[in-house]
Amino acid sequence: MHGLTHPRTLWAAAAAAPLLLAVLMALPATSTPALLGDNRLGVHLLLEMFAIIIGTLVVVASRHTFEGSRQSSNPVLVTGFTVVVACDLMHALAYDGMPRLISASSTPQAIFFWLAGRTAEVLTMALVACDRPCRTRVRGAGPLGGAIALLLVWLGTSHLELFPSTFEAGRGVTEFKRNYEYLLCAANIAVAAALLRRAEWRQQPGRRLLALSSFLMGVGELAFTSYTAPSDIQNILGHLYKVAAYGLLFRVVFVDQIRARLGLLNRKDDNVVPEQVAVVKEADAALREAKFILETTTRLAKDGVVSRIEFEKATVRTQGIEARYQAAISEVMQLRSQLSERRAQLALARQQLEDTTIRAPFSGAITRRQASPGDRKSTRLNSSHEWISRMPSSA
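Residues numbered from 1 in each chain as written. Predicted model: local features only at pLDDT ≥ 70, side-chain atom pairs only at ≥ 80, totals over all residues. Heavy atoms only, no water.

Bringing the nonpolar core into the picture now. Core analysis: the biggest nonpolar cluster contains 50 residues, and Phe81, Met125, Leu195, Leu210, Phe215, Leu216 and Leu249 have the highest contact counts within it. Going through the elements one at a time, α2 (7-25), α4 (40-65), α5 (74-94), α6 (107-130), α7 (138-158), α8 (175-202), α9 (207-221) and α10 (233-265) are the ones with two or more residues in this core. Sort the elements by how many residues they give to this core and α6 lands first, with nine residues. Counting residues in hydrophobic clusters, the runner-up holds eleven residues, among them Val280, Ala283, Tyr325 and Ala328. (Core = buried A, V, L, I, M, F, W, Y, C linked by side-chain atoms within 4.5 Å. Buried < 20%, exposed > 50% of the residue type's maximum accessible area, 1.4 Å probe, protein only. Helix = DSSP H or I, 4+ residues; strand = E, 2+ residues; numbered from the N terminus.)

See the structure below:
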């Protein structure tokens, strides 16, 4: 993990990504049939299924890591990637050559869902980079994302004529589609810069991978600006960059959140210090940043450099982040309490299981069984009855 997040590694990857794309883009557009043969549809579906699975895991991890909380970016991830997963699925099904499902497959329809999914993704990551307290709870984020996804599916399958043309057979992508891809590229790179700045400010090396993910997604968008047919090598290259970006996203959002959650439960003792838990550390870093901004804004407001509105905004933001910090501590304390309770229940269950096993107080051979599993027994030392769960298999 430390190797992946080292600044030199990140800068090397960021420099290599556009150079590699430029070299591969120089290949003839007809290279795909030579490389893949008749497996173009299968390869495309495989790449999209990888993205769909990763997106689903991001939704699941964000949905259950801080259930009921509106102080983190998790509701944003749940809403955004619910839309992204739906659009990626429809893009895979609408790809030219796929069998008819909801409607006949076509390149313009596949492009519509591609652009919708990439737009939802970059907007989601932009909101994560802003790190504003979310007014929507995680429980309501899923239905909200589902409603948006259904709207996009309805528009893409029934009212595609309402949108500008994105592809012309024999000529390739239109000017609108090309410019939109450039816009997505610029937006992803801007989001990557914002995520990197926030990672350095809060001293969160793991979040650097999130910035690299957005950067790779932005660079990959360039591959979709010049192809003339869905089978061109540029199209496949763009999907490979998307897979790489999703792999980094999986590493940060899913693996790190699950590890942070399980790290607390796997401790050998109950003396957990909330301030040493990763979730609380992150909230504490955000609170220190907000307090620094508030102090600076207060000083500038006294000098008349900033308006009263800006001062009030900084105050409200600090209060919101402080509430998030307190909620994180409460979450850790609640988990610690649940951990102690679960361990006590486990010890009791083990003892009860032990009490249901019959053992002879002396060695010898069994000649007759006078009880069977499911019977109840009583002991001389304890008049209460216990269920028999295990007995020797032979008499």
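What follows deals with α5. Under the 1.5 Å per step criterion, the end-to-end length of α5 is 30 Å for 21 residues, consistent within 8% with the ideal 30 Å. With 19 of 21 residues buried, α5 is to be regarded as a mostly interior element. (Expected span 1.5 Å × (residues − 1).)

Counted at 1.5 Å a residue, the expected span for α6 with its 24 residues is 34 Å, and the 34 Å between its end C-alpha atoms agrees. The element α6 is largely enclosed, with a buried count of 19 among its 24 residues. Positive phi appears at Asp131, one or two residues downstream of α6, with a value of about 55°.

Here the focus is the environment of Leu123. Along the chain, Leu123 turns up in helix α6. Among the residues examined, Leu123 registers a relative accessible area of 52% and is labelled exposed.

On to the confidence of the model for the protein chain, then. Predicted confidence across the protein chain gives a mean pLDDT of 78, with 74% of residues reaching 70 or more. For the protein chain, the element scoring lowest by mean pLDDT is strand β4 (residues 385-387), at 49; α6 scores highest, at 92. pLDDT under 50 marks residues 66-71. Its contacts with residues more than four places away, or in other chains, come to 22 contacts. Overall, residues 380-386 carries pLDDT values under 50, and its contacts beyond four positions in sequence, including any with other chains, amount to eleven contacts. (pLDDT = per-residue confidence, 0-100. Contact = heavy atoms within 4.5 Å.)

Turning our attention to the packing of aromatic side chains. For the structure shown, the criterion picks out four aromatic pairs. Arranged with centres 5.2 Å apart and planes meeting at 80°, the rings of Phe112 and Phe113 form a pair that is edge-to-face. For the pair formed by Phe112 and Phe113, the shared burial category is buried. Relative to Tyr180, the ring of Phe176 lies with its centre 5.9 Å away and its plane at 45°, an arrangement referred to as tilted. Placement of the pair is Phe176 and Tyr180 together in helix α8, with a separation of four residues, close to one helical turn. One aromatic cluster in this structure is built from Phe112, Phe113 and Phe163. The ring of Trp114 carries the charged tip of Arg118 above its face, separated from the ring centre by 4.6 Å. Lying over the aromatic face of Tyr246, Lys242 brings its terminal NZ or CZ to 5.5 Å of the ring centre. (Phe/Tyr/Trp six-rings, centres within 6.5 Å; stacked < 30°, edge-to-face > 60°. Lys NZ or Arg CZ within 6 Å of the ring centre and 35° of its normal.)

This part takes up the side chain of Lys242. With respect to the secondary-structure elements, Lys242 resides in helix α10. Its relative accessible area of 2% is what places Lys242 among the buried residues. Discounting chain neighbours no more than four positions away, the residues touching Lys242 are Glu48, Ala51, Asp88, Trp114, Arg118 and Met217.

Take the pattern of salt bridges next. Summed over all chains, the structure comprises ten salt bridges. Here Asp88 makes a salt bridge to Arg118, at a shortest N to O gap of 3.2 Å. Of this pair, Asp88 sits in helix α5 while Arg118 sits in helix α6; the two residues are 30 residues apart in sequence, bridging distant segments of the chain. In this structure, Glu175 engages Arg178 in a salt bridge whose closest nitrogen and oxygen atoms are separated by 2.9 Å. You can see Glu175 and its partner Arg178 sitting in helix α8, three residues apart, about one turn around the helix. Residue classification places Arg178 among the partly exposed residues on the basis of a relative accessible area of 22%. (Salt bridge = Lys/Arg side-chain N within 4 Å of Asp/Glu carboxyl O.)

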